[in-house]
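# Overview (structure and organization)
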Amino acid sequence: MNRPLLLRILLAGLAVYTLVEFYPFSLSLYFIPHYVMALLCLVFLALYPGTRIVGAWNLKPALFLVFWLAFNLASYVWARDNVEVLRYSLWILRYLVLFLIYSKVFTHEKYLRNFEWFLFGIVILYVATAIWEMVSFQHLGVSKHFGEFSYVPTGPFYGENHLAAYLLLFSPFLLFMPKFAKPRGWAYLSAFIVLAVVVIMTVQGARIAMLAIGAFLLWFFLAQITWRRKFVLAAILALLFTGVYLRFKTEIRFISQILSYQTQTLGSERSSIYMSSIQIRQQLLKEAFDLAARTGFLGAGGGNFEPQMRSEAVYRTGGIVNPHNFLMELFGNWGIVVLGAFVYLYLHWALGLWRLYRRTKGKERTRYLMYLVSLLLFLPASILPSTIRWQYFVWIYFAAVNAALHTKPSLQEVDA
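Keep in mind that what you see is a predicted model, and the values were worked out from it rather than measured. (Residues numbered from 1 in each chain as written. Predicted model: local features only at pLDDT ≥ 70, side-chain atom pairs only at ≥ 80, totals over all residues. Heavy atoms only, no water.)

### Examining the overall build of the chain
When you go through the chain residue by residue, the secondary structure sums to 15 helices and zero strands. Taking all 416 residues of the chain together, the buried fraction comes to 52%. Of all intrachain contacts in the chain linking residues separated by at least 6 positions in sequence, the fraction that spans at least 24 positions is 75%. Of the roughly 19800 Å² of accessible surface on the chain, 69% is carried by carbon and sulfur atoms. (Helix = DSSP H or I, 4+ residues; strand = E, 2+ residues; numbered from the N terminus. Buried < 20%, exposed > 50% of the residue type's maximum accessible area, 1.4 Å probe, protein only. Contact = heavy atoms within 4.5 Å. Areas by Shrake-Rupley, 256 points an atom, 1.4 Å probe, with all protein chains shown as cover.)

Pasting the structure below:
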């Protein structure tokens, strides 16, 4: 088989696999497709050993992942649960494999641009699934509500907070990508989908997501839309809402009652007799710091945060043992060293995108801003679910963020 044909087959397989990673509607899709694609990539590397998968464009994140894997294996020495350390090693290795594969693919500008439209489409798919759940009271097999009569949507994920997190994280692609399309209809479709996202988050009661996307939408409306389009958009939305309200009065009243309740309880949650989600997260921060401090800030070892929390700490966090915060998950499991390394990598991406945004004009300036805003939204998104470690596609997203910094004309050909 000649090289161009094999490369096309590999890229076609990766296209299907990308959809499976971002939309894991079945538990069986979490593992088998990954191993198949990893094997195909290894075969390609064996046939063409001169292929460069690490270079100046991805050296820093690749070194971070290798260091993270090595540190996790070293934690086997002091961790209480050694099996968890080995399990986490496989997860980190999967992050590394995904990042290397996609950071290589994204060196070709065409595939990076296609991926940006893919994220636009995946949000629409998430929203369509959520609407189906709210209307039918049914759920996909991966949902914790599967088999229950519940209107709370979870999409292709286990819990509603997972869906809210990724709707939030990818929302900048939903709003910015129409700026790169010629038909203006994309912008109006985007506005409609954004409204649906807000409704979904309201129904879910994902308050952190509601606050974060509210701030983002307010900034976008004030800073990124011209006055003429603001007026047109407001008029279209008013007509659309009037039509929907006249057709679905009962459903609209139901959603408005939920919105009213969620808004009222934002301020009263703290004084509730029960521990609120905000109070639990605050206590989890303290527990993660105390846990890291007891180990000389080396962390409890890969996967050992939760076993350690199941002691007396569980009574202080309302029975919750998951960190509910990606940064604190890093801190609790691997201490200040791995946390510091990730923060450095995050700032490297954020500051790099900011500098490129300041230096460029036109569509490229808009593209850098899109990635920067999405990366900033990663922080609130990562504290919504109990953990994001099961969503391996986060490292495909990070590969795109990294590629946005480094995809230059000299790298636009995939020299695989």
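### Details of the side chain of Arg-389
Checked against the element boundaries, Arg-389 lands in the loop between α14 (362–381) and α15 (394–406). Residue Arg-389 is classed as buried on the basis of its relative accessible area of 12%. A polar atom in the side chain of Arg-389 sits 2.9 Å from the side chain of Glu-329. Here Arg-389 is in contact with Tyr-88, Trp-91, Tyr-95, Glu-306 and Glu-329, once residues within four sequence places are set aside. (Polar contact = N/O pair within 3.5 Å; in protein donor to acceptor, adjacent residues only side chain to side chain.)

### What about the packing of helix α5 (residues 109–136) against helix α6 (residues 160–176)?
When two helices pack together, their arrangement is captured by the angle between the axes and the distance separating the axes. Where α5 meets α6, the axes come as close as 9 Å, and the angle between the chain directions of the two elements is 140 degrees. It follows that α5 is oblique to α6 by the angle criterion. For the pair α5 and α6, the crossing hand works out as left-handed. Seen from α5, the contacting residues are Glu-116, Leu-119, Phe-120, Ile-122, Val-123, Ile-124, Tyr-126, Val-127 and Ala-130; seen from α6, they are Leu-163, Tyr-166, Leu-167, Phe-170, Phe-173 and Leu-174. Split into classes, the residues belonging to the contact of α5 with α6 amount to 14 nonpolar, no polar and one charged. (Axes fitted to C-alpha atoms, helices over the stretch in contact; angles between N-to-C directions. Parallel < 35°, antiparallel > 145°, perpendicular 65-115°, else oblique. Left-handed = near helix turned anticlockwise from the far one by under 90°. Nonpolar A, V, L, I, M, F, W, Y, C, P; charged D, E, K, R; others polar.)

### Here we look at the nonpolar core
Counting residues in hydrophobic clusters, the biggest one holds 125 residues, and the most contacted among them are Phe-22, Trp-68, Phe-106, Tyr-126, Tyr-166 and Phe-170. For this core, the leading source of residues is helix α13 (residues 326–359), giving 15 residues. Once residues lying within four places of it in the same chain are set aside, the contact partners of Trp-68 are Ile-92, Tyr-95, Phe-326, Leu-330, Trp-334, Val-338 and Trp-395. (Core = buried A, V, L, I, M, F, W, Y, C linked by side-chain atoms within 4.5 Å.)

### Concerning the packing of α5 against helix α7 (residues 185–204)
Where α5 contacts α7, the axes come no closer than 10 Å and their chain directions differ by 45 degrees. With respect to α7, the axis of α5 lies oblique. In this structure, α5 meets α7 at a crossing whose hand is left-handed. Residues Trp-117, Phe-120, Val-123, Ile-124, Val-127, Ala-130 and Met-134 of α5 touch α7, and the partners they reach there are Trp-186, Leu-189, Ser-190, Ile-193, Ala-196, Val-197, Ile-200 and Val-203.

### A look at helix α2 (residues 32–47)
A rise of 1.5 Å per residue sets the reference length of α2, with its 16 residues, at 22 Å; its end C-alpha atoms lie 23 Å apart and thus fit the reference within 8%. The complete set of buried residues in α2 reads Pro-33, His-34, Met-37, Ala-38, Cys-41 and Phe-44. Along the long axis of α2, the arc covered by the buried residues comes to 130 degrees, so they all point the same way. For α2, the exposed residues set more than 90 degrees away from the buried face come down to Ile-32, Tyr-35, Leu-39, Leu-42, Ala-46 and Leu-47. As for α2, its buried residues are in contact with α1 (3–22) and α4 (82–105). (Expected span 1.5 Å × (residues − 1). Arc of directions from axis to C-beta.)

### Overview of the confidence of the model for the chain
For the chain, mean pLDDT is 87; residues scoring 70 or higher make up 86% of the total. Within the model, the stretch residues 266–275 combines pLDDT values under 50 with 15 contacts to residues more than four positions away or in other chains. (pLDDT = per-residue confidence, 0-100.)

### A few points about the pattern of salt bridges
Per the stated rule, a full pass over the model turns up 11 salt bridges. With a shortest N-O distance of 2.2 Å, Glu-84 and Arg-87 are connected by a salt bridge. Separated by three residues within a single helix, Glu-84 and Arg-87 lie in helix α4, roughly one turn from each other. A relative accessible area of 36% places Arg-87 in the partly exposed class. Linking Glu-160 and Lys-144 is a salt bridge whose minimum nitrogen-to-oxygen distance equals 3.6 Å. Of this pair, Glu-160 sits in helix α6 while Lys-144 sits in the loop between α5 and α6, and the two are 16 residues apart along the sequence. Taken together, the shared-partner salt bridges connect Glu-109, Arg-113, Glu-116, Glu-364 and Arg-367 into one network. (Salt bridge = Lys/Arg side-chain N within 4 Å of Asp/Glu carboxyl O.)

### A few points about the packing of aromatic side chains
Summed over all chains, the structure comprises 57 aromatic pairs. Between Phe-170 and Phe-393, the ring centres sit 6.3 Å apart and the planes meet at 45 degrees, which makes this aromatic pair tilted. Taken as a pair, Phe-170 in helix α6 and Phe-393 in the loop between α14 and α15 lie far apart in primary sequence, 223 residues in all. Of the two residues, Phe-170 and Phe-393, neither departs from the other in class, the shared state being buried. An angle of 45 degrees between the planes, with centres 6.4 Å apart, marks the rings of Phe-176 and Trp-219 as tilted. Of this pair, Phe-176 sits in helix α6 while Trp-219 is found in helix α8 (residues 207–223), placing the two residues 43 residues apart along the sequence. Here the basic side chain of Arg-94 rests over the ring of Tyr-392, its NZ or CZ set 3.7 Å away from the ring centre. (Phe/Tyr/Trp six-rings, centres within 6.5 Å; stacked < 30°, edge-to-face > 60°. Lys NZ or Arg CZ within 6 Å of the ring centre and 35° of its normal.)

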